Amino acid sequence: MITSTDFYLWFFSGLGGIGGWLIFLLLALVSILFVVLDSSNRNLPAAGWRRGVILVSLLIIPAIVYSFVPQDIQLQMEPYLEYIFYVGILAGVIPFFMAIGYSLQFRGMEVCEKGHLYPRDLHECPQCIPQNFMDYDPSELDETQLDLGDDSDTVMDLVDDTVAVEDTVGATEEELASTELAEREFFETQVGRVGLPKKHLPKSSAFLLFPDGNSCQLNQGVTAIGRGSGNDCVLQNTYVSRNHAKIVEEGRSIFRIYDLGSSNGTWLNGRKLMKATLLENDDHIRFGDEVSVVFLSSRKI
C-alpha cells in the first residue's frame, strides 16, 4: 500500500516533523507569484491562468491542516490521508506546469493601451497604428505646420483653400480644367482631404510627414535617410543608423523603400521590412525604435 512507502511517510512527517508537503506548498507559491506578477506587470489578459493556478494550489490545505491539528483530530482524518497525499502532490505539481504553459503562451507578447495582444518584436500594436499615429483634433489643425519650404502654410490654411469636391459633381472636363482644382494636388490623409497648391509641391509630390507636422520631401530618384549629415532626410536619433534607409522613385508617384542594413530595422505598418517594398499613400513607417512618419503621395481627382 502507498501508506507504507518512504515517500508517503516523508510527505507527512519529513523535514524535521513539519512534513514534506512544505516543498509542494513552496512550489505552488512560486508558480502563483510568477503568473500573477508577470501578467500584472505586462498587463496580459491572463485572468484564467491566474485563477487556475491559485485554485489548484488550494488543494494543499488539507495537508497543512492535518499537520497542525490536535492528535485526536488527526486520528479522525487518517482514513482520508491517502487522498490528502495525492491531492497535496497535485497542488504543487499542477501549478508548476501551469506556470510553464502560461510562459509559453505569452512568451514575447505585449499588450497595447487598448488591450490588443501583439508580438513584442513589432514594438507597437499593428491594430492601433492607424489610430494613434495622426490622431489630430480638428480644432488644433491650425497649430500644425506642414513644412513645405519657404512658402509653408498651416494645414488648416491649405484645407481652407481647397475647393469643395462636391461643387464639381457633374462638371465637364473643360469646366474642371478652368477651376482651381486644376491648380491643386490632393492628398488623402487621416485629417481629411488636403488640397495643396502645386506651387508648394516638390516635383515628386510625395513626402514623409512627422507627428509634429514637419515633413521631409522625397527627391526624384533616390532619397537617403539616416542619422548622418550627408543624407537627404537627416534623423537625429540614437536608434537611427548613420545610413538607415532609402526611398527610390521608380515612376511618377511610385516609390519603393529599402532598409540599408540598419541596426534597429525599418518597420512598415507594424512589420519589420525584410525586403524592398512599394509604398502606398498613408503608409506608416518607423525608423529604429522611435522615429515614425507617414508616407504621403499626391492623388489627382
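Thresholds, definitions, all that
Residues numbered from 1 in each chain as written. Predicted model: local features only at pLDDT ≥ 70, side-chain atom pairs only at ≥ 80, totals over all residues. Heavy atoms only, no water. Helix = DSSP H or I, 4+ residues; strand = E, 2+ residues; numbered from the N terminus. Buried < 20%, exposed > 50% of the residue type's maximum accessible area, 1.4 Å probe, protein only. Contact = heavy atoms within 4.5 Å. Areas by Shrake-Rupley, 256 points an atom, 1.4 Å probe, with all protein chains shown as cover. Axes fitted to C-alpha atoms, helices over the stretch in contact; angles between N-to-C directions. Parallel < 35°, antiparallel > 145°, perpendicular 65-115°, else oblique. Nonpolar A, V, L, I, M, F, W, Y, C, P; charged D, E, K, R; others polar. Salt bridge = Lys/Arg side-chain N within 4 Å of Asp/Glu carboxyl O. Patch = residues over 30% accessible without salt bridge, like charges linked within 9 Å, V, L, I, M, F, W, Y side chains within 5 Å. Arc of directions from axis to C-beta.

**Q** How should I be thinking about the overall build of the protein chain in this particular structure?
**A** Within the protein chain one finds nine helices and 15 strands. Per-residue burial for the protein chain yields a buried fraction of 41% across its 301 residues. In the protein chain, the share of contacts with a sequence separation of at least 24, taken over all contacts with a separation of at least 6, comes to 48%. Working note: accessible area of the protein chain is about 16700 Å², and carbon and sulfur atoms make up 55% of it.

**Q** Would you explain the packing of helix H1 (residues 6-13) against helix H2 (residues 21-41) in this entry?
**A** Between two packed helices, both the angle of their axes relative to each other and the distance between the axes serve to describe the pair. H2 packs onto H1 with a crossing angle of 70 degrees between their chain directions and a minimal axis gap of 6 Å. Looking at the two axes, H1 sits roughly perpendicular to H2. Note on element contacts: H2 touches H1 through Trp21, Ile23 and Phe24, opposite Phe7, Trp10 and Phe11. Within the contact of H1 with H2, the residues separate by chemical class into six nonpolar, no polar and no charged.

**Q** Mind showing me how you'd approach unusual backbone geometry here?
**A** Trans is the prevailing form of peptide bonds, just as negative phi is the prevailing case for residues other than glycine. Although it is not a glycine, Leu15 sits at a positive phi angle of roughly 55 degrees. Here Leu15 lies in the loop between H1 and H2.

**Q** Where do I start with the side chain of Ser241 in this structure?
**A** Note that Ser241 resides in the loop between strand E8 (233-234) and strand E9 (245-251). The contact partners of Ser241, leaving out residues within four places of it in the chain, are Gly226, Arg227, Ser262 and Ser263.

**Q** Even after reading the chapter, I still don't get the pattern of salt bridges, so can you show me in this structure?
**A** Pairing of side chains with opposite charge becomes possible as their charged atoms draw close. Taken as a whole and judged by the stated rule, the model has two salt bridges. Residue Arg42 is joined to Asp38 by a salt bridge in which the shortest nitrogen-to-oxygen separation is 2.9 Å. For the pair shown, Arg42 and Asp38 are each scored as buried.

**Q** How do you make sense of a nonpolar patch on the surface when you look at a structure like this?
**A** Together, Leu15, Ile18, Ile23, Leu26 and Leu29 give the surface a local cluster of nonpolar side chains, amounting to about 410 Å² of exposed area. Counting through the fold element by element, Ile23 comes out in helix H2.

**Q** What am I meant to see in helix H3 (residues 47-57) here?
**A** Along an α-helix, a turn takes 3.6 residues, which lines up residues three or four apart on a common side. Those residues of H3 lying buried are Gly52, Val53, Val56 and Ser57. One face of H3 carries all of its buried residues, which in axial projection span an arc of 125 degrees. Along H3, exposed side chains directed more than 90 degrees from the buried face belong to Arg51 and Leu55. On its buried side, H3 packs onto H2 and helix H6 (81-105).

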